[in-house]
Amino acid sequence: MHCPFCRHPDSRVVDSREADDGAAIRRRRSCPECGRRFTTVETTALAVLKRSGTTEPFSRAKVIDGVRKACSGRPVDEDALAQLAQQVEEAVRSTGAAEVPAHDVGLAILGPLRDLDEVAYMRFASVYRGFDSLDDFEAAVRELRAYQQLASTAAAYDPATAYDAVTAVPHFGAAHDPAPPPVHVPSAT
């Protein structure tokens, strides 16, 4: 690492610490030539592969800008948008890939946005998934309602007090307990 003061081509690491919730490493360095200290921040590069074939660095700001348009006029504050962008980045980084298709970034946005604001979710999904007709909107609303029903059922489930009504056997969510019934979304015909 070149010293930013004297441009000496070498430096010594004095201290290293995690930064940005483990997404970066902050290093304190010392130049052996001029003796001055400086800080560097090292992050892994995450590139987004666009449909055109070009790549660009992942940007939380671009995620926030895109979601902000969908949230226009909705009661969503900047902190919530920043939190959503962080969730998206964590989801994309968790794939372990250095290069992620833009489509996968959009998919990573949909889940947290659905939990944040349903109207903004529908706006974003209609553009992202390319809704062409009212049927597309109706299908998305059915999916959203099924998700809400599943989420409310899961939120109301208390394993400490859950009993099977037929056998009066307590269920604690263990591996041998039966899985919840699947959610069926009626098709638009």
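Residues numbered from 1 in each chain as written. Predicted model: local features only at pLDDT ≥ 70, side-chain atom pairs only at ≥ 80, totals over all residues. Heavy atoms only, no water.

Peer 1: Before we move on, can you summarise the overall build of the chain with the specific residues and values?
Peer 2: Of regular secondary structure, the chain possesses five helices and six strands. Carbon and sulfur atoms make up 54% of the accessible area of the chain, which amounts to about 12,700 Å² in all. (Helix = DSSP H or I, 4+ residues; strand = E, 2+ residues; numbered from the N terminus. Areas by Shrake-Rupley, 256 points an atom, 1.4 Å probe, with all protein chains shown as cover.)

Peer 1: Help me get a handle on helix α1 (residues 60–70), residues and values and all.
Peer 2: Taken together, the buried positions of α1 are occupied by V63, I64, V67 and A70. For α1, the arc enclosing every buried residue in end-on projection is 115°, short of the 170-degree limit, so these residues lie on one face. Among the residues of α1, the N-terminal cap falls to S59, whose side-chain oxygen and the backbone nitrogen of A61 are separated by 3.3 Å. (Buried < 20%, exposed > 50% of the residue type's maximum accessible area, 1.4 Å probe, protein only. Arc of directions from axis to C-beta. Polar contact = N/O pair within 3.5 Å; in protein donor to acceptor, adjacent residues only side chain to side chain.)

Peer 1: Could you give an account of the sheet that holds strand β1 (residues 12–19), naming the residues involved and the relevant values?
Peer 2: Taken together, the three strands give an open sheet; going across it, the order is β1-β2-β3, and neighbouring strands pair in antiparallel fashion. Each of the sheet's edge strands pairs with one partner strand only, and the pair in question is β1 and β3 (37–43). Averaged over neighbouring strand pairs, the angle between their axes works out to 20° when direction is ignored. Direction of pairing for β1 relative to strand β2 (residues 24–30): antiparallel, over a ladder of seven bridges. Bridge pairing in β2 places V13 opposite R29. (Pairing = 2+ DSSP bridges. Axes fitted to C-alpha atoms, helices over the stretch in contact; angles between N-to-C directions.)

Peer 1: So, the pattern of salt bridges: which residues are in play, and what are the values?
Peer 2: Under the defined criterion, the tally for this structure stands at eleven salt bridges. Close ionic contact of R29 with E42 constitutes a salt bridge, the shortest N to O distance being 3.4 Å. Taken as a pair, R29 in strand β2 and E42 in strand β3 lie far apart in primary sequence, 13 residues in all. Given a relative accessible area of 10%, R29 falls into the buried group. For R93, the salt bridge identified is with E89, shortest N-O distance 2.9 Å. Placement of both R93 and E89 in helix α2 (residues 78–93) is noted, with a separation of four residues, approximately one turn of the helix. Its relative accessible area of 28% is what places R93 among the partly exposed residues. (Salt bridge = Lys/Arg side-chain N within 4 Å of Asp/Glu carboxyl O.)

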